[in-house]
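# Observations on the three-dimensional arrangement
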Amino acid sequence: MNEGKSALYMATSWALWPTIFAAGLIGAGWAFHTGAPLLSFNVVYLSIVAVIAGFERLMPYEHEWLKHDGETFNDIAHTLLTKGGVQLAAAVGASAPMAFATVAQPVLTSPMATWPDHWPLVVQVGLGLIIAEFGLYLAHRAAHEIISLWRFHALHHSVERLWVVNTGRFHVVDSLFKIALSQVPLYLLGAPLAVFLWISAVTAFIGLLTHCNMDVRTGPLDLIFSTPRLHRWHHSKVLAEGNTNYGENLVLWDQLFGTYFNPARRPPAEIGISGRIAEGFVAQLVQPFSAKGFRQILGRKPASVTKATISANLYLDHASRTEPELDEDRSFTRS
């Protein structure tokens, strides 16, 4: 896949992911020390979005993903609702966790809090990230394996191309579930606000990079972080490939629970689900709440939505299967 690529192109491809991630964190550090940290962070966030969008045109991973899919407005609207939340006035969508932490952290901290606030902040953030990531892993995996949750998470997997703008395409119920499982433990442990802010920053920038359509090479970083390569496998229509790499920032819990997946071959360009997501932002929000909408999401007629077909077509855990069994599973596509 590297034939015809110049040395400059290859060097840039290796440098892009860590450079953009580091730039985002440096910008976040500046934002947190300004008089308006949340607004300043949004400025940094949008700047990183612009940089990634530019490189998606200059160095696309998949040229087909550059084509318009008619979902840009909906992608942005879902991002604003699920990640912007109470900060719609800022007109960006990456700060809800920060705003929520700012308000809720002092209220929800347990009197039995045992957080090691005497540790260096960078160590506290690392610990907090591991704890939060466990909640994110559980929430993400549950959203694939529990039918009542998949109906909301399917919106995210309905995209047929990955690019920076659909990073935040999540149903609000899906996002609230993830926030609850990842942040409440930190509140109860008494983690300080700074930890929440830095975890939110890490999540925001890794999320942008995970969904990017840039031709980046991440090598050994794939063993630690959720990278574009790993997330492209996660969006595969093949169950044995898509039921993997649930980590949002880190792949630690995927490694421990056997859901890490990173074969040597190229991740698929054809992604999406076999069910149908409604057209229009409001319709997509309400679709999971009706029986008809639920059947549409599953891609099944009423009479055929049985326990057996659901089990065969929803996300299931195939991590323990053998290679012949995985090959057989590849004949199925998502519902």
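Going along each chain's sequence as written, the residues are numbered from 1 onward. Local features in this predicted model are restricted to residues of pLDDT 70 or higher, and side-chain atom pairs are both shown and tallied only at a pLDDT of 80 or more, whereas totals for entire chains, interfaces and linings draw on every residue. Based on all heavy atoms of the structure, the side-chain values leave hydrogens and waters out of the count.

## Some remarks on the overall build of the chain
Using the following cut-off: A run of H or I in DSSP becomes a helix once it reaches four residues, and a run of E becomes a strand once it reaches two; helices and strands are each numbered from the N terminus. By the convention used here, residues are in contact when the closest approach between their heavy atoms is within 4.5 Å. Every accessible area reported is derived by Shrake-Rupley at a probe size of 1.4 Å, with residue values counting cover from the shown protein chains alone.
Of regular secondary structure, the chain possesses 15 helices and zero strands. Long-range pairs, those at least 24 residues apart, make up 73% of the contacts in the chain with a sequence separation of at least 6. When the accessible surface of the chain is split by element, carbon and sulfur atoms take 69% of a total near 14,700 Å².

## Brief notes about helix 1 (residues 7-32)
Count 3.6 residues to each turn of an α-helix, and residues three or four apart come out pointing the same way. The criterion, for reference: The span expected for a helix works out to 1.5 Å for each residue beyond the first. A residue's bend is the angle separating two fitted axes: one through the seven residues that end there, the other through the seven that start there.
When the terminal C-alpha atoms of helix 1 are compared, their 37 Å separation across 26 residues agrees well with the 38 Å that a helix rising 1.5 Å per residue should span. Remark: the principal bend of helix 1, roughly 40°, maps to Leu16, with a proline, Pro18, within the next four residues.

## Overview of the nonpolar core
Threshold: What we call a nonpolar core is a set of buried Ala, Val, Leu, Ile, Met, Phe, Trp, Tyr and Cys residues that are connected through their side-chain atoms within 4.5 Å. Burial here depends on accessible area, computed with a 1.4 Å probe over protein chains only, as a share of the maximum for the residue type. Under 20% is buried, over 50% is exposed, and the range in between is partly exposed.
In this structure, Phe21, Phe41, Ile52, Phe205, Leu208 and Met214 are the most contacted members of the largest nonpolar core, which totals 39 residues. Those elements giving two or more residues to this core turn out to be helix 1, helix 2 (37-58), helix 5 (121-145), helix 7 (172-189) and helix 8 (193-210). Examining the composition of this core, we find that eleven residues originate from one element, helix 8, more than from any other. Excluding residues that lie within four positions of it along the chain, Phe21 makes contacts with Val202, Phe205, Ile206, Leu209 and Phe225. If you look at the next biggest cluster of nonpolar residues, it comprises eight residues, including Trp150, Ala154, Phe294 and Ile297.

## Quick notes on the pattern of salt bridges
Note the cut-off: One side-chain nitrogen of Lys or Arg within 4 Å of one carboxyl oxygen of Asp or Glu is enough to make a salt bridge.
Taken as a whole and judged by the stated rule, the model has nine salt bridges. Here Glu270 and Lys237 are joined by a salt bridge, their closest N and O atoms 3.5 Å apart. A residue pair is termed long-range when its members are at least 10 positions apart, and Glu270 in the loop between helix 11 (252-257) and helix 12 (281-286) and Lys237 in the loop between helix 9 (228-234) and helix 10 (239-242) qualify at 33 residues. Judged by its relative accessible area of 22%, Lys237 is partly exposed. The network of salt bridges with shared partners includes Lys5, Asp215 and Arg217.

## Some thoughts on the packing of helix 5 against helix 7
Definition in use: Only the stretch in contact is used when a helix axis is fitted, and all axes are lines through C-alpha atoms; the angle between N-to-C directions ranges over 0 to 180 degrees. Oblique is the label for any angle not under 35 degrees, not over 145, and not in the 65 to 115 range, which are roughly parallel, roughly antiparallel and roughly perpendicular in turn. Rotating anticlockwise by less than a right angle from the far helix to the near helix defines a left-handed crossing, while the corresponding clockwise rotation defines a right-handed one.
At their nearest, the axes of helix 5 and helix 7 sit 9 Å apart, and the two run at 150° to each other. When the axis of helix 5 is compared with that of helix 7, the two are roughly antiparallel. For helix 5 against helix 7, the interelement crossing comes out right-handed. Across the interface between the two elements, Gly128, Ile131, Ala132, Gly135, Leu136, Leu138, Ala139, Ala142 and Ala143 from helix 5 touch Asp174, Phe177, Lys178, Leu181, Ser182, Pro185, Leu186 and Leu189 from helix 7.

## Some words on the packing of aromatic side chains
Between two aromatic rings, the relevant description is the distance of the centres plus the angle of the planes. Selection rule: Under the pairing criterion, centres of Phe, Tyr and Trp rings, with the six-membered ring standing for Trp, must be within 6.5 Å; the plane angle then separates stacked pairs below 30 degrees from edge-to-face pairs above 60, leaving the rest tilted. Think of it as a cone above the ring: NZ of Lys or CZ of Arg counts as a charge over the ring if it is within 6 Å of the ring centre and within 35 degrees of the ring normal.
As enumerated under the stated definition, the model contains 17 aromatic pairs in all. With a centroid separation of 5.8 Å and an interplanar angle of 45°, the aromatic rings of Tyr61 and Trp65 are classed as tilted. No difference in accessibility class separates Tyr61 from Trp65, as the two residues are buried. One aromatic cluster is present, built from ring pairs that chain together Phe32, Phe41, Tyr45, Trp198 and Phe205. Its guanidinium or amino end placed over the ring of Phe170, Lys178 lies 3.9 Å from that ring's centre, counting from NZ or CZ.

## Focus: unusual backbone geometry
Even without being a glycine, Asn245 presents a positive backbone phi close to 50°. Its place among the elements puts Asn245 in the loop between helix 10 and helix 11. On the accessibility criterion, Asn245 (2% relative accessible area) is buried.

## Let's talk about the packing of helix 1 against helix 2
Where we set the bar: As a working rule, the residues Ala, Val, Leu, Ile, Met, Phe, Trp, Tyr, Cys and Pro are called nonpolar, Asp, Glu, Lys and Arg charged, and the rest polar, with Gly in that last group.
At a minimum axis separation of 8 Å, helix 1 and helix 2 run at an interaxial angle of 165°. One finds that helix 1 runs roughly antiparallel with respect to helix 2. In terms of crossing hand, the pair formed by helix 1 and helix 2 is right-handed. Along the contact surface, helix 1 presents Thr12, Leu16, Ile20, Ala23, Gly24, Gly27, Ala28, Trp30, Ala31 and Phe32, while helix 2 presents Pro37, Ser40, Phe41, Val44, Ile48, Val51, Ile52 and Phe55. Split by residue class, the contact of helix 1 with helix 2 holds 14 nonpolar, four polar and no charged.

## A short note on the side chain of His211
Within the secondary structure, His211 is located in the loop between helix 8 and helix 9. Once residues within four sequence positions are removed from consideration, His211 is found in contact with Glu56, His156, Leu162, Trp163, Val164, Asn166, Thr167, His231 and His235.

## What to know about the environment of Thr19
As a reminder of what qualifies: Here a polar contact is recorded for every N or O atom pair within 3.5 Å, except that within protein the pair must consist of a potential hydrogen donor and a potential acceptor, and residues adjacent in sequence are included only if both atoms are side-chain atoms.
Positionally, Thr19 belongs in helix 1. Among the residues examined, Thr19 registers a relative accessible area of 47% and is labelled partly exposed. Among the polar contacts made by the side chain of Thr19, one reaches the main-chain carbonyl oxygen of Ala15 at a distance of 2.7 Å.

## Brief notes about the environment of Glu241
Structurally, Glu241 can be placed in helix 10. Spatially, the C-alpha atoms of Glu241 and Tyr260 are 9.7 Å apart, while their sequence positions differ by 19 residues. At 2.7 Å, the side chain of Glu241 forms a polar contact with the side chain of Arg265.

## Concerning the confidence of the model for the chain
Quick reminder of the rule: One number per residue, pLDDT, summarises how confident the predictor is, and it ranges from 0 to 100.
With 79% of its residues at a pLDDT of at least 70, the chain reaches an overall mean of 83. The secondary structure element of the chain with the lowest average pLDDT is helix 14 (residues 307-313), at 41, and the one with the highest is helix 11, at 98. Every residue in residues 85-95 scores below 50 in pLDDT, and together they form 31 contacts with partners more than four places removed in sequence or on other chains.

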